[in-house]
Amino acid sequence: MQIKGNTFIVTGGGSGLGLSAARELLRLEANVVVIDLKDDGKSFFKGQEKNVLFVQANVTSEEEISKAIQQAIDKFGGNIRGVVNCGGIFSVGKIVDQSGKPLDLESFKFTINVNLVGTFNVCRLVAAQMVKQKPLEEGERGVIINISSIAYEDGQAGLISYSASKGGVASMTLPMTRDLSRFGIRAVTIAPGFFDTPLSSAAATDEKVTQKLINQIEYPGRFGKPDGEFNKLVIHLIENTYMNGEIIRIDAGTKLGKL
Ligand SMILES: NC(=O)c1ccc[n+]([C@@H]2O[C@H](COP(=O)([O-])OP(=O)(O)OC[C@H]3O[C@@H](n4cnc5c(N)ncnc54)[C@H](O)[C@@H]3O)[C@@H](O)[C@H]2O)c1
């Protein structure tokens with residue numbers, strides 16, 4: 001899929017990985033629809049209003065995401081050629097805590113709702129739009145990129161809700177690919193390791209924890225860079241039509257062990 005001149009949606013585009021992907025798409029002359037729950041990130045796109053539409057919306061809302069898609073079509077005309085689903089949250093909590101109390105069911109449901117249901121909601125609504133669009137070269141209509149986490153495979157203690165949500169995102173990859181293949185729509189999932197964003201800063205609470213996390217990384221022994229490492233992969237996955245139905249870890253060889 002060509003980037004220049006095409007329209008892409010980036011959820012969670014107001015911060016971290018989504019912000020980086022959105023900026024890179026803009027640099028490559030795409031039109032970008034940034035969707036985020038918060039409007040803090042809007043200022044990053046100041047002066048670029050011609051090619052950016054910032055929509056404050058919740059990925060879990062059918063109404064808000066449908067409206068955002070319509071706004072995108074109205075502003076940029078016609079087609080949405082890709083979506084990068086970075087909107088998500090991190091959560092920690094053991095199934096039973098030290099005092100014997102079970103994890104609050106609402107907190108589990110909340111994580112599943114934002115990370116899994118929200119990702120699915122955006123995918124289904126964007127895919128329904130893509131299906132209506134005229135195909136390009138080789139019948140390609142669009143590309144969907146979802147963000148899981150290496151915790152979908154190597155979930156550590158305390159990550160039960162987060163890992164379950166990211167496992168769901170990863171497991172959707174193949175059936176989504178198979179459902180959408182006939183329309184020329186690809187689906188791929190990125191499973192990042194530790195990347196330097198506000199989310200990972202919240203997880204790495206102090207120096208000691210940060211060092212513990214870094215010790216699990218092979219080479220290079222540092223957090224990944226959203227700019228130039230994460231966004232390079234996003235761009236590759238958009239541009240390379242032969243990438244489909246895959247879950248790709250980008251983690252410098254990290255395998256999360258027992259904490
Ligand atoms: N940073 C990492 O190390 C890392 C590693 C693995 C996976 N991930 C995943 O990558 C994605 C992006 O993470 P990040 O590090 O950029 O985090 P971040 O907190 O910097 O950005 C996430 C963005 O998503 C938005 N968001 C949250 N809930 C939303 C909702 N309901 N609707 C719309 N937007 C919502 C937030 O407002 C925020 O701007 C997340 O799904 C995260 O789980 C991150």
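For the structure itself, consult the block above.
Values in this document were obtained by computation on a predicted structure and should not be read as measured data.

1. Let's talk about helix H3 (residues 105-132)
Moving on, step 1. In a regular helix each residue adds 1.5 Å, so 28 residues correspond to 40 Å; H3 covers 39 Å between its end C-alpha atoms and thus fits that length.
Moving on, step 2. The largest bend along H3 measures about 35 degrees and falls at asparagine 113.

2. Some thoughts on the site of the ligand
Moving on, step 1. As a matter of local geometry, the ligand sits amid 27 residues, with Ser15, Asp36, Tyr162, Lys166 and Thr197 nearest to it.
Moving on, step 2. In this structure, lysine 166 approaches the ligand through a side-chain N or O atom, which is 2.7 Å from an oxygen atom.
Moving on, step 3. In isolation the ligand exposes 830 Å². Once the protein is present, 94% of that is buried.
Moving on, step 4. Those elements that place two or more of their residues in the shell around the ligand are helix H1 (16-27), helix H4 (160-171) and helix H6 (198-203).
Moving on, step 5. Considering every element that reaches the shell around the ligand, the biggest residue donor is H6, with three residues.
Moving on, step 6. Considered class by class, the residues forming the shell around the ligand number 13 nonpolar, 11 polar and three charged.

3. Remarks on the sheet that holds strand S6 (residues 185-192)
Pairing between the strands of a sheet comes from backbone hydrogen bonds, and it takes one of two forms, parallel or antiparallel.
Moving on, step 1. The strand order across the open sheet built from seven strands is S3-S2-S1-S4-S5-S6-S7, with neighbouring strands paired in parallel fashion. Since the sheet does not close on itself, it has two edges, and those belong to strand S3 (52-56) and strand S7 (247-250), each with one partner. Looking at each pair of strands side by side, their axes are set apart by 15 degrees on average, direction ignored.
Moving on, step 2. Relative to S6, strand S5 (residues 142-147) is paired through six bridges, and the arrangement is parallel. Note on S6: the bridge partner recorded for glycine 142 is isoleucine 185.
Moving on, step 3. Sitting on the sheet, H1 is in contact with strand S1 (7-11), strand S2 (31-36), S3 and S6, with an inclination near 165 degrees to S1.
Moving on, step 4. Lying on the sheet, helix H8 (residues 226-239) is in contact with S1, strand S4 (82-85), S5, S6 and S7; it crosses S6 at an angle near 165 degrees.

4. A word on unusual backbone geometry
Leave glycine aside and you will find that most residues have negative phi; peptide bonds, for their part, are mostly trans.
Moving on, step 1. Proline 220 follows tyrosine 219 through a cis peptide bond whose omega is -5 degrees.
Moving on, step 2. By the element assignment, proline 220 lies in the loop between helix H7 (207-214) and H8.
Moving on, step 3. Phi is positive for glutamate 138, close to 60 degrees, though the residue is something other than glycine.
Moving on, step 4. As for its placement among the helices and strands, glutamate 138 is situated in the loop between H3 and S5.
Moving on, step 5. Overall, glutamate 138 belongs to the exposed group, its relative accessible area being 78%.
Moving on, step 6. Even without being a glycine, alanine 252 presents a positive backbone phi close to 55 degrees.
Moving on, step 7. Inspection of the secondary structure assignment puts alanine 252 in the segment after S7.

5. Brief notes about the packing of aromatic side chains
Moving on, step 1. Counted under the stated rule, the structure contains four aromatic pairs.
Moving on, step 2. Where phenylalanine 45 meets phenylalanine 54, the ring centres are 6.4 Å apart and the plane angle is 45 degrees; that geometry is what we call tilted.
Moving on, step 3. Given a relative accessible area of 3%, phenylalanine 45 falls into the buried group.
Moving on, step 4. When its relative accessible area of 15% is taken as the criterion, phenylalanine 54 is described as buried.
Moving on, step 5. Pairing phenylalanine 195 with phenylalanine 230 gives two aromatic rings, centres 6.1 Å apart and planes at 70 degrees, and the pair type is edge-to-face. Note that phenylalanine 195 is positioned in the loop between S6 and H6 and phenylalanine 230 in helix H8, a separation of 35 residues in sequence. Of the two residues examined, phenylalanine 195 and phenylalanine 230, each falls in the buried class.

Criteria and cut-off values
Residues numbered from 1 in each chain as written. Predicted model: local features only at pLDDT ≥ 70, side-chain atom pairs only at ≥ 80, totals over all residues. Heavy atoms only, no water. Helix = DSSP H or I, 4+ residues; strand = E, 2+ residues; numbered from the N terminus. Expected span 1.5 Å × (residues − 1). Bend = angle between axes of the 7 residues up to and from the residue. Near = heavy atom within 4 Å. Polar contact = N/O pair within 3.5 Å; in protein donor to acceptor, adjacent residues only side chain to side chain. Areas by Shrake-Rupley, 256 points an atom, 1.4 Å probe, with all protein chains shown as cover. Nonpolar A, V, L, I, M, F, W, Y, C, P; charged D, E, K, R; others polar. Pairing = 2+ DSSP bridges. Axes fitted to C-alpha atoms, helices over the stretch in contact; angles between N-to-C directions. Contact = heavy atoms within 4.5 Å. Buried < 20%, exposed > 50% of the residue type's maximum accessible area, 1.4 Å probe, protein only. Phe/Tyr/Trp six-rings, centres within 6.5 Å; stacked < 30°, edge-to-face > 60°.

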